[in-house]
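Now for the letters of each chain:
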Amino acid sequence: DSGVTQTPKHLITATGQRVTLRCSPRSGDLSVYWYQQSLDQGLQFLIQYYNGEERAKGNILERFSAQQFPDLHSELNLSSLELGDSALYFCASSVTPGWDQPQHFGDGTRLSIL
Amino acid sequence: EDQVTQSPEALRLQEGESSSLNCSYTVSGLRGLFWYRQDPGKGPEFLFTLYSAGEEKEKERLKATLTKKESFLHITAPKPEDSATYLCAVQARGRRDDKIIFGKGTRLHILP
């Protein structure tokens, strides 16, 4: 058990809709990362927060946004959903924001767009 | 363009049959290379970080090595519980910020 909690585990919705994925980091970790994993693209970094502030941005679409709250949990908002957004979305956390720190991953949210 | 390529895509071994997984990379400036293990339905689990050519790290039956162009994950006398997808990731220098690029993984299956 990594200590990172993601909810919900599964989400099924339709094109054009909006969803929110939630992540609680491991106790003591200040940095949160969001990733998207699809069969053809592999694991892609989306965005990172550290202690409530955006730290780094990867391949995150403009339709997607995220935030980290004072209690350090994070939410990833996906809007105007398209079929291609179907994927596994992972959250990871680490103590400090450096990329060289081991990241602890949750078990993901599987998003299916119908 | 920065790229991380893992080979083979899939590998089946008999229990006890040692082998190596490859991660080759083309990046502008390597900051670090990471290996993760991912079991079905789970998130990746951190294994190793390597920073410079010649560096080696070991954990149980796994040993990771790094050269200037590639990394190998050597698996010695594997057991069925070593079956998983092994992911390689590279931290590279970006225009403004560092970036992390993952390979697509090697699916390893150890037969009893």
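Residues numbered from 1 in each chain as written. Chains lettered and ligands numbered in written order. Predicted model: local features only at pLDDT ≥ 70, side-chain atom pairs only at ≥ 80, totals over all residues. Heavy atoms only, no water.

Asker: Got a minute to help me understand the overall build of chain B in this structure?
Answerer: Looking only at helices and strands, chain B has zero helices and 11 strands in total. N-terminal to C-terminal, the α/β element order of chain B is β-β-β-β-β-β-β-β-β-β-β. The C-alpha radius of gyration of chain B comes to 14 Å, within 12% of the 13 Å expected for a compact globule of 112 residues. Dimensions of chain B, computed from C-alpha atoms along their principal axes, come out at roughly 50 × 30 × 20 Å. Every one of the 112 residues in chain B was classed for burial, and the buried ones make up 47%. Sequence-distant contacts, at least 24 apart, represent 54% of the contacts inside chain B between residues at least 6 apart. (Helix = DSSP H or I, 4+ residues; strand = E, 2+ residues; numbered from the N terminus. Rg over C-alpha atoms; globule rule 2.2 N^0.38 Å. Buried < 20%, exposed > 50% of the residue type's maximum accessible area, 1.4 Å probe, protein only. Contact = heavy atoms within 4.5 Å.)

Asker: Please clarify how the state of the cysteines should be interpreted in this entry.
Answerer: Here, disulfide denotes a covalent bond that connects the sulfur atoms of two cysteines. On inspection of all chains with the given rule, the structure shows two disulfides over all chains. Shown here is the disulfide that connects Cys 23 of chain A with Cys 91 of chain A, its sulfur atoms set 1.8 Å apart. An S-S torsion of about -50° defines the bridge between Cys 23 of chain A and Cys 91 of chain A as left-handed. Of the two residues, Cys 23 of chain A sits in strand β3 (residues 19-24) while Cys 91 of chain A sits in strand β9 (residues 87-94), which places them 68 residues apart along the sequence. Pair check on accessibility: Cys 23 of chain A and Cys 91 of chain A agree, each one buried. Disulfide partner of Cys 23 of chain B: Cys 88 of chain B, at an S-S distance of 1.9 Å. One quick way to see it: the torsion about the S-S bond of Cys 23 of chain B and Cys 88 of chain B is about -55°, and its sign makes the bridge left-handed. Here Cys 88 of chain B lies in strand β9 (residues 84-92) and Cys 23 of chain B lies in strand β3 (residues 19-26), a separation of 65 residues in the sequence. A residue is classified by how much of its surface remains accessible, and Cys 23 of chain B, at 0% relative accessible area, is buried. With a relative accessible area of 0%, Cys 88 of chain B lands in the buried category. (Disulfide = S-S within 2.5 Å.)

Asker: Mind showing me how you'd approach the layout of surface pockets here?
Answerer: If a probe as big as a water molecule is rolled over the atoms, it shows which places are left empty. By volume, the largest pocket is sized at about 1500 Å³. If you go around the largest pocket, you meet 47 residues; those closest to its centre are Gln 41, Gly 42, Leu 43 and Gln 44 of chain A together with Gly 103 of chain B. Residues that form the lining of the largest pocket fall into these classes: 14 nonpolar, 18 polar and 15 charged. Its volume calculated, the second largest pocket comes out at about 480 Å³. Taken together, 23 residues line the second largest pocket, and the ones lying closest to its centre are Phe 105, Gly 106 and Asp 107 of chain A together with Lys 42 and Gly 43 of chain B. Residue assignment for the lining of the second largest pocket shows that the elements contributing at least two residues are β1 (5-7) and β10 (104-105) of chain A together with β5 (45-50) of chain B. (1 Å grid on protein atoms, 1.4 Å probe; cavity = no way out; pocket = protein on both sides within 12 Å on 5 of 7 lines; lining within 4 Å. Points joined across faces, edges and corners; volume = space filled by probe spheres on them. Nonpolar A, V, L, I, M, F, W, Y, C, P; charged D, E, K, R; others polar.)

Asker: Explanation requested: the side chain of Asp 2 of chain B in the structure shown.
Answerer: Residues and elements named next belong to chain B. Inspection of the secondary structure puts Asp 2 in the segment before β1 (3-7). At a separation of 3.1 Å, a polar atom in the side chain of Asp 2 contacts the main-chain amide nitrogen of Ser 28. Separated by 2.6 Å, the side chains of Asp 2 and Lys 99 make a polar contact. (Polar contact = N/O pair within 3.5 Å; in protein donor to acceptor, adjacent residues only side chain to side chain.)

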